[in-house]
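One letter stands for each residue in the lines below.
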Amino acid sequence: MSVIAEDILTHWRIVQPLFSIHDENAYDRAIVTLNALIDEVGNDEQHPLYELLDTLGTVIHAYEEKHHPIPECSGVEVLRLLMEEHQLEPTDIPELGPPDTVLEILNGKRDLTVTHIHALAETFQVSPAVFV
């Protein structure tokens with residue numbers, strides 16, 4: 001084996017487990033590694049580890065799609081879940097309007113508008129698509 005191949009093989013043995021997630025233990029390790037990479041790299045596309053972060057995110061996403069599918073739910077159901085998770089009341093979401101307007105949305109009497117969706121996405125730091 002050439003010196004170059006041996007050098008690559010040495011490094012590959014270290015990173016290879018990140019690219020083959022076959023069970024929950026490997027998934028958990030990959031998530032820990034991804035979080036550490038996010039802390040280190042952030043969104044700096046010029047960082048030398050950015051490609052690794054991006055690739056690992058893709059591998060994790062593929063595993064999650066197969067083993068942890070997200071059930072279909074409406075934007076209002078997502079809003080309810082986020083409100084519960086963050087222990088929010090209708091008065092805590094002025095982006096949607098007064099509390100009675102928020103209650104109308106939660107009770108299905110009023111639809112979320114595009115403006116609401118963008119405000120909620122920013123507030124909860126999620127993609128607007130989760131509310132569509």
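These remarks concern the structure in this document. Per chain, the residues get numbers from 1 upward, laid out in the order the sequence is written. Selection of residues for local features in this predicted model requires a pLDDT of at least 70, selection of side-chain atom pairs for listing and counting requires 80 or more, and totals for whole chains, interfaces and linings are taken over all residues. Note: side-chain values were computed over all heavy atoms of the structure, leaving out hydrogens and water.

Considering helix H4 (residues 75-85)
Stated formally: Using a 1.4 Å probe on the protein chains alone, a residue whose accessible area is under 20% of its type maximum counts as buried, one over 50% counts as exposed, and one in between counts as partly exposed. Think of it this way: any DSSP run of H or I at least four residues long counts as a helix, any run of E at least two long counts as a strand, and we number them from the N terminus. The directions considered for the arc run from the helix axis to the C-beta atoms. Residue contacts are counted whenever heavy atoms from the two residues lie within 4.5 Å of one another.
Gly 75, Val 76, Val 78, Leu 79, Leu 82 and Met 83 are the residues of H4 that are buried. Along H4, the residues classed as buried sweep out an arc of 155 degrees about the axis, all on the same side. Away from its buried face, by an angle of more than 90 degrees, H4 presents the exposed residues Leu 81, Glu 84 and Glu 85. If you follow the buried residues of H4, they end up packed against helix H5 (99-106) and helix H6 (114-124). Phi turns positive one or two residues past the end of H4, at Gln 87, with a value near 55 degrees.

Let's talk about the packing of aromatic side chains
What counts is decided by this rule: Here a pair means two rings of Phe, Tyr or Trp (six-membered ring of Trp) with centres within 6.5 Å. Their orientation is stacked below 30 degrees between planes, edge-to-face above 60, and tilted elsewhere.
This structure, assessed with the given rule, holds two aromatic pairs. Look at Trp 12 and Phe 19: their rings are 5.9 Å apart centre to centre, the planes differ by 5 degrees, and that puts the pair in the stacked class. Here Tyr 27 and Tyr 63 contribute two aromatic rings whose centre-to-centre distance is 5.2 Å and whose plane-to-plane angle is 25 degrees, an arrangement assigned as stacked. Of this pair, Tyr 27 sits in helix H2 (residues 24-41) while Tyr 63 sits in helix H3 (residues 50-67); the two residues are 36 residues apart in sequence, bridging distant segments of the chain.

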